[in-house]
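Here are the chains, one letter per residue:
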Amino acid sequence: MWSAILIIAAVIATLIAYTAYGHHRHLAASTGTSIDPASRPNTALLIIDFQEDFTTASAKQAYPPAAMESTLTAINALVETANENGTPVISVRQKFDGWYINLLVRLLNEGRGGASSDGLNLDARIDGDIDHDIVKSRADAFHEEKLDRILAQHGVGNLIVVGLDGEYCVNATITGALNRGYDVSFSDATTLTLNSANWQKVKSRLIAAGAKDGISLNHKPTKSDRAKENEPA
């Protein structure tokens, strides 16, 4: 009897330790080869995890509707300007990898972000052209080598990071970018978080590490704008 109890206790302890390790591993920011900012003057807009699974109002841990609406409006304004400027817009979507983490996601988080979920697509309310789409399995998008390749292809050294959740995947991705030498900007207006107090602490750490609190994506005149300027008064 006691041997059975000890075996069960050992199994439970192992599962707890493995779960804690997996959680830490998922959230850990990556390191990588440092870029040369002087040779990469361009900007890209990264939209993190703005997927149906995480933006639906019916989720158990849904974002407040007013915050969702204002954040969506702010992100769409950036997407519109980026499309007009020729600035690459990159959507990054979460899909958990591995049977154990997918089991935990089903048990604890309504299956959101799970491999078999129907809500992995980018929220359809994002209005504009997406130039690249990346699926990630961990919090930091830079764990996916495809992101490095796309940014190098476009000569990008400046990143604007928006999306959710500020405390987790946005935080990890910004940290991964800073670890590589990118110039990174973010803002409250374009970041969703379920815990505003923790987000303020995260913000302070990111700013201390070199990220910029405030986004500037200048509007460049389009053909339509120039035609209007030339119209007679």
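Here the structure is a predicted model, which is why all the values come from computation and not from measurement. (Residues numbered from 1 in each chain as written. Predicted model: local features only at pLDDT ≥ 70, side-chain atom pairs only at ≥ 80, totals over all residues. Heavy atoms only, no water.)

Colleague: So what's going on with the overall build of the protein chain? Residues and values would help.
Modeller: Scanning the protein chain for helices and strands turns up 8 helices and 7 strands. Within the protein chain, the fraction of its 233 residues that count as buried is 42%. For the protein chain, the share of sequence-separated contacts (at least 6 apart) that also reach a separation of at least 24 residues comes to 81%. When the accessible area of the protein chain is evaluated, it comes to approximately 12400 Å², of which 55% is carbon and sulfur surface. (Helix = DSSP H or I, 4+ residues; strand = E, 2+ residues; numbered from the N terminus. Buried < 20%, exposed > 50% of the residue type's maximum accessible area, 1.4 Å probe, protein only. Contact = heavy atoms within 4.5 Å. Areas by Shrake-Rupley, 256 points an atom, 1.4 Å probe, with all protein chains shown as cover.)

Colleague: Break down the environment of Thr 33 for me, with residues and values.
Modeller: Inspection of the secondary structure puts Thr 33 in the loop between helix H1 (2-27) and strand E1 (42-48). Residue Thr 33 is classed as exposed on the basis of its relative accessible area of 71%. Expressed as a C-alpha distance, the spacing of Thr 33 and Asn 179, which sit 146 residues apart in the sequence, is 8.6 Å.

Colleague: Please provide a residue-by-residue account of helix H4 (residues 99-108), values included.
Modeller: Within the sequence span of H4, burial applies to Tyr 100, Asn 102 and Val 105. One or two residues past the end of H4 sits Glu 110, with phi positive at roughly 60°.

Colleague: Got a sec to walk through the pattern of salt bridges? Specific residues and values, please.
Modeller: Enumeration over the complete set of coordinates arrives at 8 salt bridges. Asp 123 serves as the salt-bridge partner of Arg 125, at 2.7 Å between the closest nitrogen and oxygen. Of the residues examined, Asp 123 reaches a relative accessible area of 6% and is grouped as buried. For Asp 183, the salt bridge goes to Lys 212, with nearest N and O atoms at 2.4 Å. With Asp 183 in strand E5 (residues 183-186) and Lys 212 in strand E7 (residues 212-213), the pair connects residues that are 29 residues apart, well separated along the chain. Residue class for Asp 183 comes out partly exposed when judged on its relative accessible area of 29%. What makes Lys 212 partly exposed here is its relative accessible area of 39%. (Salt bridge = Lys/Arg side-chain N within 4 Å of Asp/Glu carboxyl O.)

Colleague: Go over the pairing of E1 with me, naming the residues and quoting the values.
Modeller: When you tally the buried positions in E1, you get 5 out of 7 residues, the bulk of the element. Pairing analysis gives 7 bridges linking E1 to strand E4 (residues 156-164), with the strands arranged parallel. Note that in E4 the partner of Leu 46 across the bridge is Val 161. Two strands pair when backbone bridges link them, and E1 and strand E2 (residues 89-94) are joined in this way by 4 bridges, in the parallel orientation. From the neighbouring strand, Leu 45 faces E2, where its bridge partner is Val 89. (Pairing = 2+ DSSP bridges.)

Colleague: Talk me through the packing of aromatic side chains; I want residue IDs and the actual numbers.
Modeller: Evaluation of the coordinates by the stated rule reveals 2 aromatic pairs. Between Phe 142 and Tyr 182, the aromatic rings sit 5.6 Å apart at their centres with planes inclined by 40°, giving tilted as the arrangement. In this pair, Phe 142 is assigned in the loop between strand E3 (132-136) and helix H5 (145-153) and Tyr 182 in the loop between helix H6 (166-179) and E5, connecting sequence segments 40 residues apart. Both residues of the pair, Phe 142 and Tyr 182, count as buried. Taking 5.8 Å as the distance between ring centres and 75° as the angle between the ring planes, the aromatic pair formed by Phe 186 and Trp 199 counts as edge-to-face. Pair noted here: Phe 186 is in strand E5 and Trp 199 is in helix H7 (residues 196-209), with a separation of 13 residues, a long-range link. By relative accessible area, which is 0% here, Phe 186 ends up buried. (Phe/Tyr/Trp six-rings, centres within 6.5 Å; stacked < 30°, edge-to-face > 60°.)

Colleague: Residues and numbers for the confidence of the model for the protein chain, please.
Modeller: When the pLDDT values of the protein chain are averaged, the result is 86; 82% of them are 70 or greater. With pLDDT under 50 throughout, residues 220-233 is counted as low confidence; its partners more than four residues away or in other chains account for 5 contacts. (pLDDT = per-residue confidence, 0-100.)

Colleague: How would you sum up unusual backbone geometry? Please name residues and give values.
Modeller: In this chain, Leu 164 is followed by Asp 165 through a cis amide linkage whose omega measures -25°. For Asp 165, the location among the structural elements is in the loop between E4 and H6. Although it is not a glycine, Asp 49 sits at a positive phi angle of roughly 55°. With respect to the helices, strands and loops of the structure, Asp 49 is situated in the loop between E1 and helix H2 (52-55). Judged by its relative accessible area of 3%, Asp 49 is buried.

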